[in-house]
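# Survey of secondary and tertiary structure
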Amino acid sequence: MARVARRDLRAFESLYRTYRPRLTRFLMTMTRRPPLVEEVLNDTMMVIWNRPERFNGASRLSTWIFAIAYRTALHAMRRQDAPIQDINAERRADPDAGPERELGDRQNQAALLSALNGLSADHRAVVDLTYFHEMSYKEIAEVMACPVDTVKTRMFHARRHLRRILAGQLADWL
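Notes on the structure follow. (Residues numbered from 1 in each chain as written. Predicted model: local features only at pLDDT ≥ 70, side-chain atom pairs only at ≥ 80, totals over all residues. Heavy atoms only, no water.)

It is worth spelling out the overall build of the protein chain at this point. A count of helical and extended segments in the protein chain gives eight helices and zero strands. Secondary structure elements of the protein chain occur, N-terminal to C-terminal, as α-α-α-α-α-α-α-α. Looking at the protein chain as a whole, 38% of its 174 residues qualify as buried. Within the protein chain, residue pairs in contact and separated by at least 24 positions form 65% of the contacts whose partners lie at least 6 positions apart. Total accessible area on the protein chain is roughly 10100 Å²; 51% of this is exposed by carbon and sulfur atoms. (Helix = DSSP H or I, 4+ residues; strand = E, 2+ residues; numbered from the N terminus. Buried < 20%, exposed > 50% of the residue type's maximum accessible area, 1.4 Å probe, protein only. Contact = heavy atoms within 4.5 Å. Areas by Shrake-Rupley, 256 points an atom, 1.4 Å probe, with all protein chains shown as cover.)

Summed over the entire model, instances satisfying the criterion amount to seven salt bridges. A salt bridge links Asp128 to Arg25, with the shortest nitrogen-to-oxygen separation between them at 2.6 Å. Here Asp128, found in helix α6 (residues 121-131), pairs with Arg25, found in helix α2 (residues 9-31); they are 103 residues apart in sequence, far enough to count as distant. For Arg25, a relative accessible area of 31% corresponds to the partly exposed category. In this structure, the salt-bridge partner of Glu39 is Arg79, at a minimum N-O distance of 2.6 Å. Taken as a pair, Glu39 in helix α3 (residues 34-50) and Arg79 in helix α4 (residues 61-79) lie far apart in primary sequence, 40 residues in all. For Arg79, a relative accessible area of 42% translates into the label partly exposed. (Salt bridge = Lys/Arg side-chain N within 4 Å of Asp/Glu carboxyl O.)

Next up, the structure:
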């Protein structure tokens, strides 16, 4: 970040390449609007490029970046009228998977995505940051600008909702 603060374009490109896949996945889960993801990702990276001095090292760099992405996504979602669904999301398959595994993966993914879609944006964000980005509750609290106990409560309610929806399917994951 010190190099980015000195306007080192190569350092910024490296930061972008490192965080783009993780942020894209997080933003896709949070917004559920593929056309919005790229816009939010670009807006997030512009904030980082324009204000690198705001990273003061009080938290991990990833926590700071995800916090910017989270707030940017919330703002962008408020501007949008109706959600846009990615109708091909469930059809995308792992090119290395065999037919049985591919079918099982698709069924699991469809059940999990359906259940996650029933959660609020805040609950989806807590689940995504915990399970897919391996952040601690403290880091998630920093990202979401709320107390740790609020993160715990959101996770409790999200898990309870997911257990109810996924009963007999994927509930043992939770």
